Amino acid sequence: MKITVDSNKCIGCNMCEDISEGVMGTKFGREGKAAQNPEADLTDPKTLENVKLAMQTCPVQAIRLEE
């Protein structure tokens, strides 16, 4: 699995970092845009749950989870 963020949509509000508990956020991306934490374990069910919640609450719907 992989988290992708549409950099054209992302506004860098960083809500995703708090909601995903550090699985993603602007400190992992470029130019103030969010990206996946390279150390995130996307095989963990709790982690996936947090990512899905971050996807749902993203104000611009910029986050996708790819299998």
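Worth saying up front: this structure is predicted, and the values here are computed from it rather than measured.

Engineer: Just checking my understanding: could you explain the side chain of Asn14 for this structure?
Structural biologist: You can see Asn14 is positioned in the loop between β1 (2-5) and α1 (15-19). Among the polar contacts listed, one links the side chain of Asn14 to the side chain of Glu17, at a separation of 2.8 Å. Those residues within four positions of Asn14 in sequence are excluded, and the remaining contacts are Gly25 and Thr26.

Engineer: For this particular structure, what's the right way to read the pattern of salt bridges?
Structural biologist: Between side chains of opposite charge, a pair can form when the charged atoms approach closely. With the rule as written, the count across this model stands at two salt bridges. One salt bridge connects Glu17 with Lys27, and the closest N-O pair in it is separated by 3.1 Å. Placement of the pair is Glu17 in helix α1 and Lys27 in the loop between β2 (24-25) and β3 (35-36), with a sequence separation of ten residues. Across the pair Lys46 and Glu49 runs a salt bridge whose closest N-O atoms are separated by 4.0 Å.

Engineer: What's the story with helix α2 (residues 45-57) in this structure? I'm lost.
Structural biologist: Residues spaced three or four apart along an α-helix point in a common direction, a consequence of the helix completing one turn every 3.6 residues. With 13 residues, α2 should cover 18 Å at 1.5 Å per step; its first-to-last C-alpha distance of 19 Å lies within 8% of that length. On its buried face, α2 sits against β1, α1, β2 and β4 (63-66).

So, how was this worked out
- Residues numbered from 1 in each chain as written.
- Predicted model: local features only at pLDDT ≥ 70, side-chain atom pairs only at ≥ 80, totals over all residues.
- Heavy atoms only, no water.
- Helix = DSSP H or I, 4+ residues; strand = E, 2+ residues; numbered from the N terminus.
- Polar contact = N/O pair within 3.5 Å; in protein donor to acceptor, adjacent residues only side chain to side chain.
- Contact = heavy atoms within 4.5 Å.
- Salt bridge = Lys/Arg side-chain N within 4 Å of Asp/Glu carboxyl O.
- Expected span 1.5 Å × (residues − 1).

Remember that the coordinates give geometry; whether it matters functionally is a separate question.
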